[in-house]
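Observations on chain architecture
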Amino acid sequence: MAMLQGRRILLGVTGGIAAYKSADLVRRLKDAGADVRVVMTRGAEEFVRPLTFQAVSGQPVHNSLLDPQAEAAMGHIELARWADAVLIAPATADALARLAHGLADDLLTTICLATEAPLAVAPAMNRIMWAHPATRANVDQLRARGVHIFGPGAGDQACGEVGAGRMLEPLELVDATAGLFGSSLLRGVSVLITAGPTREPIDPVRYITNRSSGKMGFAVARAAVAAGARVTLVAGPCNLPTPAGVERVDVETAEQMLEAVMARVDAAQIFVASAAVADYRLAQVAASKIKKSQDAMQLELVRNPDILGTVAGLQVGPFTVGFAAETDDMHAYAEDKRQRKGLDMIAANWVGRPGTGFDADDNSLEVLWEGGGASLGPAPKLQVAEELVRLVAERYSDTVQA
Ligand code: CTP
């Protein structure tokens, strides 16, 4: 995550049970190259000892506004100036209320008033507290003031209830924090992305699919958010968390994917088709489970709609990027596909080679456009995705200016 390399993150920890996850968050931020200092409230210390945060951050923990010794070492104004970003995780309902009202009665709230760095909060609380009109109003006020609200997620809560109010996981918070430093290459641009496989039913219990994991498309979505884009990800069945800041639409079949894409394509300036769409579906899906009565059986398949081709064929359409998976003669096949489908850009990769392509964590791409091309990777998919997004942004801005 290049965006966090050398960034100074001041992590505020307030008194919620999710504070135990914040120690892992410190570690993850440091893994991403950030320099982390921790400020704890008195409530936070009821849940986790300062020593824990001192050990994981490798720095003294700050917890008192009125401690002359601490103020002499690195006072609240210095901390406020030091930070490239302030992240409060977990942010309790009380912390949100105090921030909304601009209180400055402890070290953390004082720093929040004294800093010019971006401020982000990761709320964590019981779902009823999160839904309470007082909390809603505080969050609206903070958002209107430019505070970034990360989450909360939904799911099982420490109090035994299920619903919205759970702090985002440390890795999601690292992504979202990186987004604070993203480039502005695609600021204000809407990007629509397809990812993953599609699943074509045979009967109520069986289906045809392929080995696509969705990793590349999800990485492109993350990279596009980091570049400032508004991103909608139409995903076939894949077992991946939704990248922070991405609107996700889950679909199963190619026909559903086409419908989801066509409902959103008018609002998109860039379309990236990374999904491995099944080329065929069953001519007739059986209404009940097929019994094994014969020694052999035949399934009749019919062609699925070409989603990328449909978008590329629009009279007024977005900047269109396709993917091509090839086993031979990659450059020639990919360029032929680009021209045949009328694409602005195509990203081709080898499949069937160890270490890249489907389900792998690394990838390499040959990217081709009218009159040019570039080779990306081999590198982790997120890095390749960041480079691809940079190329897309450059070519897209050329077409907008032309
Ligand atoms: N694609 C699509 N809808 C389909 C099939 C493919 O949007 N029904 C998109 C994929 O997301 C990818 C590109 O088209 O961006 C791949 O093109 P395709 O012609 O399907 O490639 P291959 O399957 O590699 O084709 P071929 O059989 O011609 O090698």
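Residues numbered from 1 in each chain as written. Predicted model: local features only at pLDDT ≥ 70, side-chain atom pairs only at ≥ 80, totals over all residues. Heavy atoms only, no water.

**Comments concerning the site of the ligand**
Residues in contact with the ligand amount to 13 residues; listed here are only the nearest, Ala-273, Ala-275, Pro-305, Leu-308 and Phe-323. For the ligand, an oxygen atom lies 2.9 Å from a polar atom in the side chain of Lys-337. Between Lys-341 and the ligand, the recorded distance is 3.2 Å, taken from a side-chain N or O atom to an oxygen atom. In the complex, the protein chains occlude 73% of the 580 Å² of accessible area that the ligand would expose alone. (Near = heavy atom within 4 Å. Polar contact = N/O pair within 3.5 Å; in protein donor to acceptor, adjacent residues only side chain to side chain. Areas by Shrake-Rupley, 256 points an atom, 1.4 Å probe, with all protein chains shown as cover.)

**Details of the nonpolar core**
One finds Leu-186, Val-191, Ile-270, Leu-365, Val-367 and Leu-388 to be the most contacted residues of the largest nonpolar core, which totals 40 residues. At 9 residues, the largest contribution of residues to this core is made by helix α15 (residues 381-401). Setting aside chain neighbours within four positions, we find Leu-186 in contact with Val-191, Ala-227, Gly-228, Ala-229, Ile-270, Val-389 and Ala-393. Ranked by size, the runner-up nonpolar core spans 36 residues in total, among them Leu-11, Leu-25, Ala-85 and Ala-178. (Core = buried A, V, L, I, M, F, W, Y, C linked by side-chain atoms within 4.5 Å. Buried < 20%, exposed > 50% of the residue type's maximum accessible area, 1.4 Å probe, protein only. Helix = DSSP H or I, 4+ residues; strand = E, 2+ residues; numbered from the N terminus. Contact = heavy atoms within 4.5 Å.)

**Here's the deal with helix α12 (residues 254-264)**
Within α12, the full set of buried residues consists of Ala-254, Met-257, Leu-258, Ala-260 and Val-261. Buried residues of α12, viewed axially, fall in a sector of 165 degrees; they line one side. Projecting away from the buried face of α12 at angles above 90 degrees are the exposed residues Glu-259 and Ala-263. The inward-facing, buried residues of α12 contact β8 (190-195), β9 (200-203), β11 (230-235), β12 (246-250), β13 (270-273) and α13 (307-312). (Arc of directions from axis to C-beta.)

**Side note on empty space enclosed by the protein**
Taken as a whole, this structure holds 2 cavities of 30 Å³ or more when the rule is applied. Leu-186, Val-191, Ile-193, Val-220, Ala-224, Ile-270, Val-272, Leu-388, Val-389 and Val-392 together form the lining of the largest cavity. If one sorts the elements of the lining of the largest cavity by residue count, α15 sits on top with 3 residues. A per-class count over the lining of the largest cavity returns 10 nonpolar, no polar and no charged. (1 Å grid on protein atoms, 1.4 Å probe; cavity = no way out; pocket = protein on both sides within 12 Å on 5 of 7 lines; lining within 4 Å. Points joined across faces, edges and corners; volume = space filled by probe spheres on them. Nonpolar A, V, L, I, M, F, W, Y, C, P; charged D, E, K, R; others polar.)

**Examining the domain arrangement of the protein chain**
It is common to report an interface's size as the accessible area lost on association of the parts. Along its sequence, the protein chain is carved into domain 1 (2-179) and domain 2 (190-401). Between the C-alpha centres of domain 1 and domain 2 the distance comes to 37 Å. Residue-level contacts link 4 residues of domain 1 with 5 residues of domain 2. Regarding the contact of domain 1 and domain 2, the summed buried area is about 450 Å², with carbon and sulfur atoms giving 55% of it. Among the residues domain 1 hides against domain 2, the three largest losses belong to Met-3, Glu-172 and Asp-175. Together they make up 71% of the total. Here domain 1 and domain 2 share 1 salt bridge between them. Between Asp-175 and Arg-222 there is a salt bridge whose closest N-O contact spans 2.7 Å. Inspection of the domain 1/domain 2 interface yields 1 residue pair in polar contact (both at pLDDT 80 or more). Here the residues of the side of domain 1 that touches domain 2 sort into 2 nonpolar, no polar and 2 charged. (Domains from an automatic or database assignment. Buried area = accessible area lost by both parts, 1.4 Å probe. Salt bridge = Lys/Arg side-chain N within 4 Å of Asp/Glu carboxyl O.)

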